[in-house]
Structures are given as structure tokens and as C-alpha cells.
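Breakdown of the fold
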Amino acid sequence: MAQASPTTSDIVAATGLAIGGIFGLAGTFVGTAELRESFWTIDGVAIVVAATLLTMKYLRQGQDCIAAGYLTFAAGESLLLAGNAAGLQASVPSYVGGIALWSAGLIMISAPKTFPLWVRLTALVAAVLFAVTVGRIIWGVPLLPTSSPLPALGYPFLVLTFAGWIWTLLRPGP
């Protein structure tokens, strides 16, 4: 639901999503643990701030499912952030909990027809890929946050979803 012009909170949320998307993807592909953990810490804080602001925005609009979805997404990102400094292997338990909540949050945000179809579809693809990753790890497959094809395949869909949310926040309203 676009408005005449973006509010300060919309701009901060859009900036947080952009920072989260850029630093999250970059952290997945850097070579050193220290740089990865630094990038993912920046990513995590930016996404928690953005998702919290979006929770408030959609709650005020009476869109409870979307607001709860962003709150769930923020909780998942907080778990990821908490495990980040432990390193890849040690972070797997908080990673599994975090992406499970990401998956649930993405589904809740995408269920109503508030966002354009392409945004909802990229979110659903990411949610399914993360849910499959959770199931595989729980059933004993040794996957890390940087493993390919899963979970790495889900990250570009998540960033495309962020781009759609940003576009929705910043586009001029009717």
C-alpha cells in the first residue's frame, strides 16, 4: 500500500533492507571468517531495524498478518545475529531456528495480496528453500550457512524480495 511520499520510517526501513541484502550476500561469498562475521553483523542489525519498523507500519495499517510476519522475520534474524560470532559450524543451531522463522515470516508477509505478485512469489520461493534447508539439517545433512546449493540458493530470492519491499516502500502513491 503506497502513500503520497515515503515517511522517514519508510526510508530507514528501505535503507536497512538494502544494507541487509548487500552485506548479507557479500558475507556469504567473502573468504575470511572475520570479514564474513562483520558483514553478517551489519546485515543482521540492519534487517532487525527494518523489520521492526515494518512491523509497526503494517500494525498501524491494521494488516496484522503482515505485521506479525515482519515481527517473526525480525525474531529469526535476531537468532542468526546471536549465532554469528560463534563461527559457521557452531552457529548452525541458531541458524536453523533463524531461517525457520524467516520462512514462516516470509509466508505470513506474502499471504495477503498487499505486495505485487512477483514480490510475493520471490518470498515464497525463498521460504520454501529455507524450509527445505531446515528439514535437511534437522534430519542430519551437514549444511552450513554458506553451503551450496542449499541454503545459498535461497539468498538471491530473499534479496529480490527485499528489493520488492524497498520498491513498495519508496514508490510514489496514487
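Keep in mind it's a predicted model, so treat the numbers as computed, not measured.

Analysis parameters
Residues numbered from 1 in each chain as written. Predicted model: local features only at pLDDT ≥ 70, side-chain atom pairs only at ≥ 80, totals over all residues. Heavy atoms only, no water. Helix = DSSP H or I, 4+ residues; strand = E, 2+ residues; numbered from the N terminus. Rg over C-alpha atoms; globule rule 2.2 N^0.38 Å. Buried < 20%, exposed > 50% of the residue type's maximum accessible area, 1.4 Å probe, protein only. Contact = heavy atoms within 4.5 Å. Areas by Shrake-Rupley, 256 points an atom, 1.4 Å probe, with all protein chains shown as cover. Expected span 1.5 Å × (residues − 1). Axes fitted to C-alpha atoms, helices over the stretch in contact; angles between N-to-C directions. Parallel < 35°, antiparallel > 145°, perpendicular 65-115°, else oblique. Left-handed = near helix turned anticlockwise from the far one by under 90°. Nonpolar A, V, L, I, M, F, W, Y, C, P; charged D, E, K, R; others polar. Phe/Tyr/Trp six-rings, centres within 6.5 Å; stacked < 30°, edge-to-face > 60°. Lys NZ or Arg CZ within 6 Å of the ring centre and 35° of its normal. Patch = residues over 30% accessible without salt bridge, like charges linked within 9 Å, V, L, I, M, F, W, Y side chains within 5 Å. Salt bridge = Lys/Arg side-chain N within 4 Å of Asp/Glu carboxyl O.

Turning next to the overall build of the protein chain. Scanning the protein chain from N- to C-terminus turns up six helices and zero strands. When its helices and strands are written in sequence order, the protein chain yields α-α-α-α-α-α. The globule rule puts the C-alpha radius of gyration for 174 residues at 16 Å, and the 15 Å found for the protein chain is close to it. Looking at the protein chain as a whole, 47% of its 174 residues qualify as buried. For the protein chain, contacts bridging at least 24 residues in sequence account for 72% of all contacts bridging at least 6. When the accessible surface of the protein chain is split by element, carbon and sulfur atoms take 75% of a total near 7,900 Å².

Below, the discussion takes up helix H4 (residues 92–110). With 19 residues, H4 ought to run about 27 Å at 1.5 Å a step, and its terminal C-alpha atoms sit 26 Å apart, in line with that. All of the buried residues in H4 are Val92, Ser94, Tyr95, Val96, Gly98, Ile99, Trp102, Ser103, Gly105, Leu106, Ile109 and Ser110. Looking at the buried residues of H4, the elements they touch are helix H3 (64–84), helix H5 (117–138) and helix H6 (154–170).

Before going further, it helps to examine the side chain of serine 91. Mapped onto the secondary structure, serine 91 falls in the loop between H3 and H4. Once residues lying within four places of it in the same chain are set aside, the contact partners of serine 91 are Gly83, Ala86 and Pro145.

The subject of this paragraph is the packing of helix H2 (residues 33–60) against H3. To describe two helices that pack against each other, one gives the angle between their axes and the distance between the axes. Put simply, H2 and H3 touch, their axes get as near as 8 Å, and they point 160 degrees apart. When the axes of H2 and H3 are compared, the pair comes out roughly antiparallel. Between H2 and H3 lies a crossing whose hand is left-handed. The class makeup of the residues in the contact of H2 with H3 is 15 nonpolar, six polar and four charged.

Further remarks concern the packing of aromatic side chains. Counted under the stated rule, the structure contains 11 aromatic pairs. With a centroid separation of 6.4 Å and an interplanar angle of 45 degrees, the aromatic rings of phenylalanine 115 and tryptophan 165 are classed as tilted. Of this pair, phenylalanine 115 sits in the loop between H4 and H5 while tryptophan 165 sits in helix H6, and the two are 50 residues apart along the sequence. Note on tryptophan 165: relative accessible area 2%, which makes it buried. Here a set of aromatic residues connected by ring pairs shows up, and it is made of Tyr58, Tyr70, Phe73, Trp102, Phe115, Phe130, Tyr155, Phe162 and Trp165. One cation-aromatic arrangement involves arginine 36 over tryptophan 40; the distance from NZ or CZ to the ring centre is 6.0 Å.

Within the fold, leucine 59 resides in helix H2. Taking the C-alpha atoms as reference, leucine 59 lies 9.9 Å from tyrosine 70; in sequence the two are 11 residues apart. Excluding residues within four positions of it along the chain, leucine 59 makes contact with Asp64 and Ala67.

Here we take up a nonpolar patch on the surface. Taken together, the side chains of Ile107, Leu117, Leu121 and Leu124 make up a nonpolar region of the molecular surface, amounting to roughly 350 Å² of accessible area. Among the elements that line the nonpolar patch, the one with the most residues is H5, at three residues. In this fold, leucine 117 is placed in helix H5.

A few words now on the pattern of salt bridges. If you walk through the whole model with that rule in mind, you get one salt bridge. Where lysine 57 meets aspartate 10, a salt bridge forms, and the shortest distance between an N and an O atom there is 3.0 Å. Here aspartate 10 lies in helix H1 (residues 8–29) and lysine 57 lies in helix H2, a separation of 47 residues in the sequence. The same class applies to lysine 57 and to aspartate 10, which are both buried.

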